[in-house]
Amino acid sequence: MRDVADTTRRTVLRPLPPVWGGLEHAEVYLAADSEARVGGDFYDIQPGPHGTRVLVGDVQGKGLGAVEEAAALLGTFREAAYHEPALATVAERLEIRVRRHGGHVTALGRDDGDRFATAVLLGFPEADTGVVEAMVFGHEPPLVVGPSGVRPLLAADGPPPVHRVPLGPGETVLLTSDGVTEARDPAGEFYALAGDPRAVEPRRLVALVRDGTLGHCGGHLLDDTTVFAVRRADERAGKGRRPS
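So, how was this worked out
Residues numbered from 1 in each chain as written. Predicted model: local features only at pLDDT ≥ 70, side-chain atom pairs only at ≥ 80, totals over all residues. Heavy atoms only, no water. Pairing = 2+ DSSP bridges. Helix = DSSP H or I, 4+ residues; strand = E, 2+ residues; numbered from the N terminus. Contact = heavy atoms within 4.5 Å. Axes fitted to C-alpha atoms, helices over the stretch in contact; angles between N-to-C directions. Salt bridge = Lys/Arg side-chain N within 4 Å of Asp/Glu carboxyl O. Buried < 20%, exposed > 50% of the residue type's maximum accessible area, 1.4 Å probe, protein only. Phe/Tyr/Trp six-rings, centres within 6.5 Å; stacked < 30°, edge-to-face > 60°.

Asker: Can you help me understand the sheet that holds strand β10 (residues 172-176) in this one?
Answerer: Backbone hydrogen bonds hold the strands of a sheet together, and the pairing may be parallel or antiparallel. On the basis of which strands lie adjacent, the open sheet formed by six strands has the order β1-β2-β11-β10-β7-β8 and antiparallel pairing. On the outer flanks of this sheet lie β1 (19-20) and β8 (149-152), each paired with one strand and no other. Alignment of strand β7 (residues 143-146) against β8, held across four bridges, turns out to be antiparallel. In the strand pairing of β8, Val145 is matched with Val150. Each of β2 (23-30), β7, β10 and β11 (225-232) is contacted by helix α5 (residues 202-217), which is oriented at about 20° to β2, the strand it contacts most.

Asker: Could you clarify how one ought to interpret the pattern of salt bridges in this entry?
Answerer: Side chains that differ in sign of charge can pair as their charged atoms come close. This model, assessed by the stated rule, comprises 10 salt bridges. One salt bridge in this structure joins Arg93 and Glu84, with 2.9 Å as the shortest N-O distance. A relative accessible area of 19% means that Glu84 is categorised as buried. Beyond isolated ion pairs, a larger network of salt bridges with shared partners links Arg14, Asp44 and Arg78.

Asker: How should the sheet that holds strand β3 (residues 41-48) be read in this particular structure?
Answerer: Taking strand neighbours across the sheet as the criterion, the five strands line up as β3-β4-β5-β6-β9 in an open arrangement whose pairing is antiparallel. Edge positions in the open sheet fall to β3 and β9 (163-166), since each of these has one partner strand only. Pairs of neighbouring strands in the sheet enclose a mean axial angle of 20°, with direction left out of account. Where strand β6 (residues 131-137) meets β9, four bridges bridge the pair, whose relative direction is antiparallel.

Asker: Please explain the packing of aromatic side chains as it appears in this structure.
Answerer: Describing an aromatic ring pair means giving the distance of the ring centres and the angle of the ring planes. Tallied over the entire structure, the rule returns one aromatic pair. With 5.5 Å between their ring centres and 50° between their planes, Tyr43 and Phe228 make a pair best called tilted. One end of the pair, Tyr43, is in strand β3; the other, Phe228, is in strand β11, and 185 residues separate them in sequence. Residue Tyr43 shares its accessibility class with Phe228, and that shared class is buried.

Below, the structure is given as structure tokens:
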């Protein structure tokens, strides 16, 4: 059963090279159900001719139904993010996929056809290395962690369109699922997410937030938990390969 769960997880959350599409990244996924080892959180990086796109999201609920919808969204993202010139069109394709998947599930007679997903969609244009494009769909607001401090990526979690946000050299975008912000200590207090400007390197930042979350809740997660950090790669690390 553990082998099956691990295979499912690798299929949905495919392994990513350390530097991919010009981006350096790190991520950790912690399933609330230690036996299942996979849930409704999802993430991916897709390089393409229009830049590199990043998707981090969370399907409502748990169980195989949530895994199915996450897999459907990731499949659509990998194709749309590669082929579509505009980030807004990628978002439209994802919205359509949610509705199509729900219709299929309902037609099968299941009662979970109304699942929704929250997500953050990022675009790193190849022609403009000083900005990141961002769309937030009801998800936990991203943070930017850099040498000069920590700031929200967006001033407000308003509805799309695409926001173009300046991103300085060495700044890292930190994305999490609500498993982080809803982690509680024994007194019922929520975990206060904060980056650390001393830990801007993605692996260190992810480890900091992971350890802080687990320490706050004593290792008892109430929901699947994803911590994802990404920034443009240092030239010394290489720009990553871009698939044909």
